[in-house]
Amino acid sequence: MEKLIISVATTGSVTTRQDTPYLPITPREIADEVYRCWQAGASIAHIHVRDSNRERSMDIELFKETVSLIRQKCDIILNLTTSGSGEITEEQRLGPVELRTELASFDAGSMNFGPRVFINSPDFLEKLAAKMKQYNVKPEIEVFDGGMVYNALRLAERGLIDTPLHFQFVLGVRGGLTATPRNLIFLKDSIPPDATWSVIGIGKGQLPLALISMTMGGHVRVGMEDNIYLTKGVLAKSNAEFVEQMVRLSREVGREIATPDEARKILSLT
Ligand code: ZN
């Protein structure tokens, strides 16, 4: 089996300091946390930024600052978010692509998302795909529901997304597929054989789905965007603790950990 790629999503847009006092918020805090995660074995960092009120933000200056601080410290692969709903405009969502990181998230369809509606219209997906192609940013295709796989495959068939595709299966969001082994296997069986894939289990789904993915040849994402508990009732004091846990488990099941450069090869990043 190829080496395991560990992605870390340190902050996200929803988790608050009330949920966990250990959430990194400022560009400096996020960069320091990403560096600790890289030291622990993470090869990809998925980045969201927050404004001075700790609210979700798509301010491009905050992204630039965060990217630059991380770049000064390590060679981790960067995956900026292009997500957003409500008052965040499509234009703002397209913004991070211009920073030309190696990856950016690509939410492959619309859905109910907790109490909100998460809109990714066909027209927006085409615009996002075109922009990512223009800036040579590979989409990490986030799939919350079965139909989203096919949205991505259709875009690839039309040449709007380059192959091999890279999927991130997000299981356990209220409104999407639940975090069960059956759903993970169904999604994995729905993608082309040359595609790479990883899994995000939300909340208590994180650890069991990561273990299943490790043994099935997939990759994993962990971090406080998706889950704040290291074990039942025990808050992680740092995102690096999640990465360390993945490294331990992966070695136990006989899979070595990919460095960022090894992850670049596995994901065909150019
Ligand atoms: Zn995200």
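See the structure above.
Read on for a plain summary of the structure. (Residues numbered from 1 in each chain as written. Predicted model: local features only at pLDDT ≥ 70, side-chain atom pairs only at ≥ 80, totals over all residues. Heavy atoms only, no water.)

### A few points about the pairing of strand β12 (residues 219–222)
And step 1. Because side chains alternate across β12, one face comprises the buried residues His219 and Arg221, and the other comprises Val220 and Val222, equally buried.
And step 2. Where strand β1 (residues 6–9) and β12 come together, three bridges link them in parallel fashion. Bridging from a neighbouring strand, Ser7 pairs with Arg221 of β12.
And step 3. Note on the crossover from strand β11 (residues 196–201) through helix α7 (residues 206–216) to β12: the handedness is right-handed. (Buried < 20%, exposed > 50% of the residue type's maximum accessible area, 1.4 Å probe, protein only. Helix = DSSP H or I, 4+ residues; strand = E, 2+ residues; numbered from the N terminus. Pairing = 2+ DSSP bridges. Right-handed = clockwise from strand over helix to strand, strands pointing away.)

### Some thoughts on the pattern of salt bridges
It is possible for side chains bearing opposite charge to pair when their charged atoms get close.
And step 1. A full pass over the atoms with the stated rule returns 19 salt bridges.
And step 2. Put simply, Glu102 and Arg264 hold a salt bridge, and the shortest N to O gap is 2.7 Å. Of this pair, Glu102 sits in the loop between α3 (90–94) and β6 (103–107) while Arg264 sits in helix α9 (residues 260–266), and the two are 162 residues apart along the sequence. For the residue pair Glu102 and Arg264, the accessibility class agrees, reading buried in each case. (Salt bridge = Lys/Arg side-chain N within 4 Å of Asp/Glu carboxyl O.)

### Things to note about the side chain of Arg93
And step 1. Counting through the fold element by element, Arg93 comes out in helix α3.
And step 2. In contact with Arg93, not counting residues within four places along its chain, are Met58, Thr82, Ser83, Gly84, Ile88, Asp107, Phe118, Ile119, Asn120 and Phe124. (Contact = heavy atoms within 4.5 Å.)

### Considerations on unusual backbone geometry
Most peptide bonds are trans, and most residues other than glycine sit at a negative phi.
And step 1. Looking along the chain, the bond that leaves Thr163 and enters Pro164 is cis, with omega of -5 degrees.
And step 2. The phi dihedral of Arg54 falls on the positive side, at around 65 degrees, and the residue is not glycine.
And step 3. The topology assignment puts Arg54 in the loop between β3 (49–50) and β4 (56–57).
And step 4. Even without being a glycine, Asn136 presents a positive backbone phi close to 60 degrees.
And step 5. Mapped onto the elements, Asn136 comes out in the loop between α4 (122–134) and β9 (138–143).

### A few points about the coordination of the zinc ion
And step 1. Only His46 (NE2), His48 (NE2) and Glu225 (OE) from the protein reach the zinc ion as donors, at distances of 2.0 to 2.1 Å.
And step 2. Among the residues examined, His48 registers a relative accessible area of 8% and is labelled buried.
And step 3. Under the relative-accessibility criterion, Glu225 is labelled partly exposed at 22%. (Donors = N, O, S within 2.8 Å, 3.2 Å for Na, K, Ca; no water.)

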